[in-house]
Amino acid sequence: MSANLPSTPVVGGDSGPPETHRQQSEFNPESNGETANEGTTNEKTKEANANQATKEQVGSHKDAAAVDLSQVELKAENLYDKEKVDIEAIPLEEVFELLQCTSDGLDQKEVNDRLQIFGPNKLESHEQNAFLQFLTFMWNPLSWVMEAAALVAIVLANGQGAPPDWEDFIGIIILLLANSAIGFYEERNAGNAVKALMDSLAPKAKVKRNGEWIEIESANLVPGDMISFKIGDIVPADCRLTEAINVSIDQAALTGESLPQSKETGSECFSGSTCKQGEAEGVAIATGRNTFFGRAASLVGEDDDSTGHLQKILAQIGSFCLVTIGIFVLAEIFVLYAGFRYQYRRGLNNILVLLIGGIPIAMPTVLSVTLAVGATQLAKYKAIVTRITAIEEMAGVTILCSDKTGTLTTNKLTIDRNTVKTFSHFSVEQVILLSAYASRTENQDAIDSAVVTALGDPSKAREGINLLDFKPFNPVDKRTEITYREESSGKVKRVTKGMTGVIIDLCTRNKTEDQEAALEQDVQELAQRGLRTIAVAYEELPGDDHTAEGDGFELVGVLAIFDPPREDTKQTIDDALALGVRVKMITGDQLAIAKETGRRLGLGDHMWPAKVLKDGPPANSEYNDLDGLILGADGFAGVFPEHKYEIVRRLQGLGHLVAMTGDGANDAPALSRANVGIAVEGATDAARGAADIVLTEPGLSTIVHAISQSRIIFQRMRNYAIYACAVTIRIVVCFAVLAFTYKFDFPPFMILIIALLNDGTIMTLSVDRVKPSLEPDTWDLAEIFAYAIAYGLYLTASTVALIVIIIETNFFQSTFGVTLQNSSATNVNDPQLHMIAYLQVAIISQALIFVTRAHGFFFMERPSFALMIAFCIAQLVSSIIAAYGNWGFTNIHSISGAWIGIIWVWNIIWFIPLDWVKFAMKATIIKSLRNRRIASVKQAAAAKEAIEMGVEQPQHTPLAQQLSRTTSRAASVHESFYRNRTNFLAKTMHKVGFRSKRVAFSPAEQRKFSAHGTRLSGQTLQKYPSGGGVTAGTQTRTTTNAT
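Residues numbered from 1 in each chain as written. Predicted model: local features only at pLDDT ≥ 70, side-chain atom pairs only at ≥ 80, totals over all residues. Heavy atoms only, no water.

**Focus on the UniProt feature "transmembrane region" (unreviewed entry) in the protein chain**
Reasoning step 1: Annotation from UniProt places "transmembrane region" (unreviewed entry) at residues 317-339, 351-373, 720-742, 748-767, 788-812, 832-852, 864-885 and 897-917.
Reasoning step 2: Each end of residues 748-767 is marked by a C-alpha atom, and these two atoms are 31 Å apart; helix forms 75% of the span and strand 0%. (UniProt positions renumbered as here; feature names shortened; annotations may be inferred. Helix = DSSP H or I, 4+ residues; strand = E, 2+ residues; numbered from the N terminus.)

Written as structure tokens, this is what we have:
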């Protein structure tokens, strides 16, 4: 429906809905919803609202009726040109006319037709074909090399009188299918678990169909439906109210403001906002992506073209392995063919050994399964992972940017007992009790609820008194008032509460200049701390007439109202700081409120207003540029969506991995931009769609668990990455050296056996027991490759030394009485020697994982039960093959038990010093690499400090900056090939589907958007009338237009 609107995104505009700007003030009781009257019937209120709306419509309809709306082209320059159409003045009658509906609702046939035209009332989601998902596991550079090896075995190996190498071909295919099947199974399970949680979030709506009210899933709403909602309900679609009884709507999800907004007949209500008071009926004018949420979420943009961080790591590790293999394959081609004059088939077998054994074919699957298992574990804690690689990126998060309202705080107003100011002889408890008398006990607004809740027992608000009269808030008096008879004394008393200025003006009894000065000082002090205030006063009536004048109001006290932090928020922040993660508050609320919240949470009050993001640091500040200010600040207040987005972007530019928490549509752009976006419990669809992790239980404690869990998962992946690269070095260098020195022709099929057993064992790393780090983790590939080269060369030495001793000496034969098949003349390609090499490589290669997974000695960190069982089974199978394997097609022969024992002892002797190799690397090369990295970061920071404001950042940025996502797939084609292994969950989640052209609207246009949605829906219905049915071709066209 927005196809004809301009595609330039709004920048610097106010993204809040119109009602917010018409009613905001420092404290405006009009906004607190105190419009309910316990002494006035709902019918009178309803009639007054209807009369007021009718008057407004009559005045505006004169101009609107003179325009033929069907002739207005849907372009911004026409819709917002008041000389043509004043779209703010659309009366309700015209809404029904445009949407071709009545107050009796739609029938089912009409609903079905409109669903075909407008689509469901939900954000788009995409399902991936299971078979295609399985096939994608074989589409990455590492798999391509294995697939190429399979083609070599079946096509190129056919020659010189020998048949095709069917055994190797079948073995390679089995290896590929096994890896794909394991990865597919684990990822599918994770996807289904998360999808089940997402489905449980499906909202309901009360709608009138065929003249009767029924409850349906809100996804089935269409424009023209009559909907109803009451206190506590979520508004299911953008609507215009046809009936409104004391309605107050919480739009914090849109604006970040704490106080709800009053609504009346004819007002707009937006999808996702919450009804805090009253009940209402309305006509749906926009659904799905055409709602205000859908428009606001256009800032989120497309995310499918970005290459995730894990894809980049996979690409670089894959490149390391491919380059290593490529170098030695070329070396073998020159040496074996040009130097040794090998026959075609013999040389090809040696090349297959390097291709099959050197490629860490299981690496994408192992890392993907590790993440999938992590996603399933987090799902048990009610945390939905909508982008699987967010788990890995969470491990490296250095800054957590958090929205305040509804995230750090409860989004529920509360009376702070510690700040209650009392006057005269009244105590704090008496002030709260009297203010509760002057509050509603049913159908409460936010302030009444806060006051009554402060009593502890809500029944005390009417206990011991007989209600005689209650006057609700009204825009003129700006206060509430109750008249009651005290049961204990029989006296008639009157209590009022409201704006402090109004209440003090009412007071006449015991009023002094000192009292007024004290009140003003108290109000100013609380206002500086960001606390809103209401004053309370009371008077006694001389007789029994509750309508008579009293003896004059006396000031009782002042209550401070604030949005308190969640119970677990402070502990969550402390835990995050202990994990090396800084927390910054980014809120749309006032600066004073932000500072007060920061003080209560221990965040600090070093906060700045949003204007510094445009104007730069103040002249007298300690910061020379905006980046330094953003990095040093504890938070920012009064920000709009584009400000949040800019803050996250600049922090990323400074080399930080940023996580952003939020719950509203105004958080969606920053959630999408952040490395890890976290939507808290109760978040809107727009926020959940933009987030990478969605919490379905209240509180932020799950975030700390997610950080800790992500670091455990990161350690598992890092351990495997070192292991995989080391095995590549070990296989490629080892068998290339043996081929060059002894013309050792190791059979390719046995490399396949080693790879299958290794993969089966290594898969258990996804549930291995490891310790999370206390600092943010980063992929330091230089360290990984350094460890891998050291381990790989050491293991190569262990194998080469064994083969050299067997070939060049009789040590084992003379000492242990063992022999080879050709004992008379040493044959370097003896089938039993091949088996010895196989068993030695298989055992010590798998044992390496126990060294890479431990930070200290391997026996100091207990592995998981699954890893130990898998390792033991693999070693048992390897030993059985060595003892009984006699496969002529692969040129191996079984060996005696004595040889098996010799190989086990040999491997144990060589395994023990592996820890010393690790410690030596840490003390030398790894220490040097870390010092160089730290120096590079300091150098980049110093260069950044020297740059003048407004100048681009230096080219050489900190290493951590490399952790941000690649902004375009075109930036690295190689990286994008690994994308299919890490983004599978995105296709099963309830994701935002804003794939079409972006829409934009200025602050002025936003005020008119609701009317524009009505008009556009009407235009669509007029163009494709549903009464006559919708043809297949029409459905296709209209769906495209609507979406």
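Anyway, onward from the coordinates.
**Overview of the packing of helix H27 (residues 701-742) against helix H31 (residues 831-852)**
Reasoning step 1: Packing of H27 against H31 brings their axes to within 9 Å, and their N-to-C directions diverge by 150°. Classified by the interaxial angle, the pair formed by H27 and H31 is roughly antiparallel. You can see that H27 and H31 cross each other, and the crossing is right-handed. On H31, the residues that touch Asn719, Ile722, Tyr723, Ala726, Arg730, Ile731 and Phe735 of H27 are Gln840, Val841, Ile844, Ser845, Gln846, Leu848, Ile849 and Thr852.
Reasoning step 2: Class assignment for the residues of the contact of H27 with H31 results in nine nonpolar, five polar and one charged. (Axes fitted to C-alpha atoms, helices over the stretch in contact; angles between N-to-C directions. Parallel < 35°, antiparallel > 145°, perpendicular 65-115°, else oblique. Left-handed = near helix turned anticlockwise from the far one by under 90°. Contact = heavy atoms within 4.5 Å. Nonpolar A, V, L, I, M, F, W, Y, C, P; charged D, E, K, R; others polar.)

**Things to note about the sheet that holds strand E20 (residues 658-662)**
Remark on secondary structure: sheet strands pair via backbone hydrogen bonds, oriented parallel or antiparallel.
Reasoning step 1: Within the open sheet, the eight strands sit side by side as E8-E22-E21-E20-E9-E17-E19-E18. Their pairing is mixed. Looking at strand neighbours, the two that pair on one side only are strand E8 (383-385) and strand E18 (607-609), the edges of this open sheet. Averaged over all pairs of adjacent strands, the angle between their axes in this sheet comes to 20°, without regard to strand direction.
Reasoning step 2: In this fold H27 packs onto E8, strand E9 (399-402), E20, strand E21 (676-679) and strand E22 (693-695), with an angle of close to 145° to the strand it touches most, E22. (Pairing = 2+ DSSP bridges.)

**Re the nonpolar core**
Reasoning step 1: Tyr720, Phe735 and Tyr838 are the most contacted members of the largest nonpolar core, which totals 150 residues.
Reasoning step 2: Broken down by element, this core gets its largest block of residues, 23 residues, from H27.
Reasoning step 3: With near-sequence residues (within four places) excluded, Phe735 lies in contact with Glu332, Val353, Leu354, Phe744, Phe746, Ile751 and Val841.
Reasoning step 4: Listed in part, the 30 residues of the second largest apolar core include Trp608, Val612, Ala687 and Ala690. (Core = buried A, V, L, I, M, F, W, Y, C linked by side-chain atoms within 4.5 Å. Buried < 20%, exposed > 50% of the residue type's maximum accessible area, 1.4 Å probe, protein only.)

**What about the pairing of strand E13 (residues 479-486)?**
Reasoning step 1: Counting buried residues in E13 gives six out of eight residues, a clear majority hidden from the surface.
Reasoning step 2: Bridging between E13 and strand E14 (residues 492-498) involves seven bridges; their strand directions are antiparallel. What sits directly across from Tyr484, in E14, is Lys493.
Reasoning step 3: Here E13 folds back onto E14, and the loop between the two strands holds five residues, one of which, Gly490, carries a positive phi near 80°.

**A short note on the packing of aromatic side chains**
Reasoning step 1: This model, assessed by the stated rule, comprises 23 aromatic pairs.
Reasoning step 2: The structure contains a cluster of three or more aromatic residues connected by ring pairs, namely Tyr794, Phe811, Phe812, Phe816, Trp899, Trp906 and Trp910.
Reasoning step 3: For the cation-ring pair, Arg346 lies above Tyr342, with the distance from its terminal atom to the ring centre recorded as 3.9 Å.
Reasoning step 4: Positioned over the ring face of Tyr538 is Arg509, at 5.3 Å from the centre of the ring. (Phe/Tyr/Trp six-rings, centres within 6.5 Å; stacked < 30°, edge-to-face > 60°. Lys NZ or Arg CZ within 6 Å of the ring centre and 35° of its normal.)

**Side note on a negative patch on the surface**
Reasoning step 1: Taken together, the side chains of Asp505, Glu513, Asp514, Glu516 and Glu520 define an acidic patch exposed on the protein surface.
Reasoning step 2: Among the elements that line the negative patch, the one with the most residues is helix H19 (residues 513-528), at four residues.
Reasoning step 3: Mapped onto the secondary structure, Asp514 falls in helix H19. (Patch = residues over 30% accessible without salt bridge, like charges linked within 9 Å, V, L, I, M, F, W, Y side chains within 5 Å. Areas by Shrake-Rupley, 256 points an atom, 1.4 Å probe, with all protein chains shown as cover. Salt bridge = Lys/Arg side-chain N within 4 Å of Asp/Glu carboxyl O. Lys, Arg positive; Asp, Glu negative; His and termini not counted. Charge placed at Lys NZ, Arg CZ, Asp CG, Glu CD.)

**Looking at a nonpolar patch on the surface**
Reasoning step 1: A surface patch of nonpolar side chains, amounting to about 670 Å² of accessible area, comprises Phe857, Phe859, Met860, Ile908, Ile912 and Trp916.
Reasoning step 2: When you line up the elements, Phe857 lands in the loop between H31 and helix H32 (865-884).

**Some details on the pattern of salt bridges**
Reasoning step 1: Inspection of the entire model under this criterion finds 27 salt bridges.
Reasoning step 2: Where Asp416 meets Arg600, a salt bridge forms, and the shortest distance between an N and an O atom there is 2.4 Å. Note that Asp416 is positioned in the loop between strand E10 (414-415) and strand E11 (421-422) and Arg600 in helix H21 (residues 591-601), a separation of 184 residues in sequence.
Reasoning step 3: Asp627 is the partner of Arg650 in a salt bridge, and the nearest nitrogen-oxygen pair spans 2.7 Å. Highlighted residues: Arg650 in helix H24 (residues 641-653) and Asp627 in helix H23 (residues 626-632), separated in sequence by 23 residues.
Reasoning step 4: Residue classification places Arg650 among the partly exposed positions, given a relative accessible area of 24%.

**Looking at helix H20 (residues 569-578)**
Reasoning step 1: All buried positions along H20 are accounted for by Thr569, Thr572, Ile573 and Ala576. The buried residues of H20 occupy an angular sector of 95° when projected down its axis, which confines them to one face.
Reasoning step 2: Packing partners of the buried residues in H20 comprise helix H15 (404-408), strand E17 (582-586), H21 and H27.
Reasoning step 3: Looking one or two places after H20, you find Gly580, whose phi comes out positive at around 80°. (Arc of directions from axis to C-beta.)

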